[in-house]
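Working through the structure, step by step
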Amino acid sequence: VALGLYFPRREYLENVYIDEPAGTPLLRIHALRDSREEVARFHLCHNLIVPRARPQENNWFQIREETGLLYLSKSLDREDFNMLSVGNWMPLSKVMLYVFLSSHPFQEKECDSATRTTVFLSLINATAPACSSLTARQLCFTEMDLSFHIKENKPPGTFHQLRLPSVHHLCQNLSISYKLLAGEGVPFRYNENTTSVRVTQRLDREERERYELIAKCTVREGLREMQVEVPFLVNVLDEDDSPPFLPNGTDTADAVVEFNRKEGTVLSTLTVYDADTTPIYPIESSRKKYTGTIITDDPWISETFRVEHIFDEIHFSPNGSQVRGTRHEY
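Calculation rules
Residues numbered from 1 in each chain as written. Predicted model: local features only at pLDDT ≥ 70, side-chain atom pairs only at ≥ 80, totals over all residues. Heavy atoms only, no water. Helix = DSSP H or I, 4+ residues; strand = E, 2+ residues; numbered from the N terminus. Buried < 20%, exposed > 50% of the residue type's maximum accessible area, 1.4 Å probe, protein only. Contact = heavy atoms within 4.5 Å. Salt bridge = Lys/Arg side-chain N within 4 Å of Asp/Glu carboxyl O. Core = buried A, V, L, I, M, F, W, Y, C linked by side-chain atoms within 4.5 Å. Domains from an automatic or database assignment. Buried area = accessible area lost by both parts, 1.4 Å probe. Polar contact = N/O pair within 3.5 Å; in protein donor to acceptor, adjacent residues only side chain to side chain. UniProt positions renumbered as here; feature names shortened; annotations may be inferred. Patch = residues over 30% accessible without salt bridge, like charges linked within 9 Å, V, L, I, M, F, W, Y side chains within 5 Å. Areas by Shrake-Rupley, 256 points an atom, 1.4 Å probe, with all protein chains shown as cover. Lys, Arg positive; Asp, Glu negative; His and termini not counted. Charge placed at Lys NZ, Arg CZ, Asp CG, Glu CD. Phe/Tyr/Trp six-rings, centres within 6.5 Å; stacked < 30°, edge-to-face > 60°. Disulfide = S-S within 2.5 Å. Pairing = 2+ DSSP bridges. Axes fitted to C-alpha atoms, helices over the stretch in contact; angles between N-to-C directions.

Considering unusual backbone geometry
Positive phi, close to 65°, is recorded for D19, a residue that is not glycine. Checked against the element boundaries, D19 lands in the loop between β1 (11-17) and β2 (25-28). Residue D19 is classed as partly exposed on the basis of its relative accessible area, which comes to 46%. In this structure, N153 takes a positive phi of about 65° despite not being glycine. Look at N153 and you get partly exposed, because its relative accessible area is 24%.

This is how it looks when you write it as structure tokens:
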């Protein structure tokens, strides 16, 4: 069974105001595939998680199974706000929802699967502000960083929509347009009609580990124009797909042993590089991945000599971009 569907963001954030009507779209969640055949289906599981209180039954939020659009299924009134803010007299209360992924019609047991993302909803004890009172930053982007993680060697797909569904729904008299500023040959494409961003090819972490782009937004209201730019970052997640390699292809080292060598004398060294992984903590898990062994039938050799394993993180620079890896020294 393919369990490869995954979320390109670990968490999402949106504001919900009192008395916003049922049907108001809040945010769009995306999923990426492990294999071309998979179809992503989105589901809300369990109750609303309310900090410092018992979970509450979710009567207000729904998600469209095929599109990942989270929306209000019931207007949140002041009574609801008071119940969900549990004695919290602040003008804002946070609740959490979990969204789960499945590649087939959903079954309740999948609510315990590991493939989930967290949605933080800030419930605001006020009605939605007038669009003209919002800054360009508030109209264009949420407070969260635009930061994504995409697994290497996976099929292309759409992983983000720049337009905020809630703002698009509420502020229809404003013109809000986006651009994605990127260098030549970057494997991402922006669609102006849908404001969605797509990864266009399989990525290779050993070629490039991080892409730094800029999302630019322009807001026009009558003759007034405002612009705002924010970083748009994509980190490539590793898959253990590259074998370790030896500098100059040398897999043997000669050792000359002279008499009267002190204990601890280094007789020979052999270096192995691994562009695929970086040192893992706890250290022992990295040490177990590669072991150095003396192959001998002579018990005296086994008692007299030992292989020591030292490793550290290094950087490779394929195509001029820095990629982390590990150097193992025996």
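Brief notes about the environment of R202
By the element assignment, R202 lies in the loop between β12 (196-199) and β13 (210-221). Residues R202 and E184, spaced 18 residues apart in sequence, show a C-alpha to C-alpha distance of 17 Å. Each residue touching R202, except ones within four places of it in the same chain, is listed here: R36, N153, K154 and P155.

Some words on the pattern of salt bridges
Opposite charge on two side chains permits pairing when their charged atoms draw close. Enumeration over the complete set of coordinates arrives at 13 salt bridges. One salt bridge connects E65 with R41, and the closest N-O pair in it is separated by 3.1 Å. Taken together, the residues E65 in the loop between β4 (61-63) and β5 (69-72) and R41 in strand β3 (residues 41-49) connect sequence positions 24 residues apart. Across the pair E209 and R205 runs a salt bridge, and its minimum N-O distance is 3.1 Å. Here E209 and R205 have matching classes, each one buried.

Considering the nonpolar core
Formed by 35 residues in total, the largest nonpolar core has its most connected members in F141, I150, F159, L162, F188 and F232. When neighbours within four sequence positions are excluded, F141 is seen to be in contact with L146, L162, L164, Y178, A215, C217, V228 and V230.

Some words on the domain arrangement of the chain
The domain architecture assigned to the chain consists of domain 1 (1-128), domain 2 (129-239) and domain 3 (240-329). Across the contact, nine residues belong to domain 2 and twelve residues belong to domain 3. If you sort the residues of domain 2 by the area they bury against domain 3, E206, E207 and E209 come out on top, with a joint share of 54%. The interface formed by domain 2 and domain 3 holds one salt bridge in total. As a salt-bridge pair, E209 and R324 come within 2.6 Å of each other at their nearest N and O atoms. Applying the counting criterion to the domain 2 and domain 3 interface returns three residue pairs in polar contact (both at pLDDT 80 or more).

Brief notes about the UniProt feature "domain: Cadherin" (unreviewed entry) in the chain
UniProt feature "domain: Cadherin" (unreviewed entry): in the numbering of this structure it lies at residues 142-246. Measuring from the first to the last C-alpha atom of residues 142-246 gives 47 Å, for a span that is 6% helix and 50% strand.

Structural notes on a positive patch on the surface
A cluster of basic side chains, namely R36, R189, R198 and R202, defines a positive patch on the protein surface. R202 gets classed as partly exposed once you look at its relative accessible area, which sits at 41%.

With respect to the packing of aromatic side chains
As enumerated under the stated definition, the model contains eleven aromatic pairs in all. Taken together, a centroid distance of 5.9 Å and an interplanar angle of 70° make the contact between F159 and F188 edge-to-face. Of this pair, F159 sits in strand β9 (residues 157-161) while F188 sits in strand β11 (residues 188-191), and the two are 29 residues apart along the sequence. A centroid spacing of 5.9 Å and a plane angle of 50° characterise the contact between F245 and F316, whose relative ring orientation is tilted. With F245 in the loop between β14 (224-237) and β15 (271-274) and F316 in strand β16 (residues 310-316), this residue pair connects regions lying 71 residues apart in the sequence.

Thoughts on the state of the cysteines
Here the structure, examined in full by the defined rule, presents two disulfides. The disulfide partner of C140 is C217, and the S-S distance across this bridge is 2.0 Å. Judged by the sign of its S-S torsion, about -65°, the bond between C140 and C217 is left-handed. Note that C140 is positioned in helix α2 (residues 136-140) and C217 in strand β13, a separation of 77 residues in sequence. When its relative accessible area of 0% is taken as the criterion, C140 is described as buried.

Examining the sheet that holds β15
Strand-to-strand pairing in sheets goes through backbone hydrogen bonds, with the strands running parallel or antiparallel. The strand order across the open sheet formed by three strands is β15-β17-β16, and the pairing between neighbours is antiparallel. Bordering the open sheet on either side are β15 and β16, each of which pairs with just one other strand. Each adjacent strand pair in this sheet contributes to an overall mean axis angle of 25°, direction not counted. The pairing of β16 with strand β17 (residues 323-329) spans seven bridges and is antiparallel. Residue pairing in the sheet places H315 in a bridge with R324 of β17.

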